[in-house]
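Observations on the model geometry
Okay, here's what each chain looks like letter by letter:
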Amino acid sequence: MEQTVGKDFEGDAKIGKVMKDFLRLSLKPEDFSSPVSLQMAISRLYEGMMRMMEQGGPKPTYVAEIRFTDDMGNPVVLAVDLGPETPPFSKDRVKARIRVELYEE
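Here goes a summary of the coordinates provided.

Reading the values: rules and limits
- Residues numbered from 1 in each chain as written.
- Predicted model: local features only at pLDDT ≥ 70, side-chain atom pairs only at ≥ 80, totals over all residues.
- Heavy atoms only, no water.
- Pairing = 2+ DSSP bridges.
- Helix = DSSP H or I, 4+ residues; strand = E, 2+ residues; numbered from the N terminus.
- Contact = heavy atoms within 4.5 Å.
- Buried < 20%, exposed > 50% of the residue type's maximum accessible area, 1.4 Å probe, protein only.
- Expected span 1.5 Å × (residues − 1).
- Polar contact = N/O pair within 3.5 Å; in protein donor to acceptor, adjacent residues only side chain to side chain.

1. A short note on the pairing of strand 2 (residues 60-69)
Where strand 1 (residues 4-19) and strand 2 come together, eight bridges link them in antiparallel fashion. Within the sheet, the bridge partner assigned to Lys17 lies in strand 2 and is Tyr62. Pairing of strand 2 with strand 3 (residues 75-83), which is carried by eight bridges, proceeds in the antiparallel orientation. Note on strand 3: the bridge partner recorded for Val63 is Asp81.

2. A short note on the environment of Val100
Among the secondary structure elements, Val100 is positioned in strand 4 (residues 93-103). Leave out the neighbours within four places in its chain, and Val100 touches Val5, Gly6, Lys7 and Phe9.

3. Quick look at the side chain of Ser37
Examined against the element boundaries, Ser37 turns out to sit in helix 1 (residues 35-54). We classify Ser37 as buried; its relative accessible area is 17%. Discounting residues that sit within four places of it in the chain, Ser37 has contacts with Glu30 and Asp31.

4. Brief notes about helix 1
Relative to the 28 Å expected for 20 residues at 1.5 Å per residue, helix 1 spans 29 Å between its end C-alpha atoms, a close match to the ideal helical length. Of the residues flanking the end of helix 1, it is Gly56, one or two places downstream, whose phi is positive at about 105 degrees.

5. Considerations on the side chain of Thr61
By the secondary structure assignment, Thr61 is in strand 2. Of the polar contacts made by the side chain of Thr61, one reaches the side chain of Asp81; its length is 2.7 Å. In this structure the side chain of Thr61 is engaged in a polar contact, spanning 3.1 Å, whose partner is the backbone oxygen of Gly83. Those residues in contact with Thr61 that lie beyond four places of it in its chain are Gly16, Lys17, Val18, Lys20, Asp81, Gly83 and Pro84.

In structure tokens, the structure reads:
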């Protein structure tokens, strides 16, 4: 019988529309560590955008940015792809319930 331990968290979610292929284009803190690092990051972004355009351009999708605080008091941010259809909410800010379940394989 599989043993599990679970914990629920409550948080806030902000829903917005993004271009899905842009999610792969990102800058990291180390990209700003020197002028050369920044230039390499800009080149990486440019190459990614060119590949995206060759594949037919960016595709829109809805994403929920979820924020909550873990049991150690640390802020946690995660994203959930909601798909290309408009989510069934009347507002762009909603509540989120996050379930963490621990188990052995």
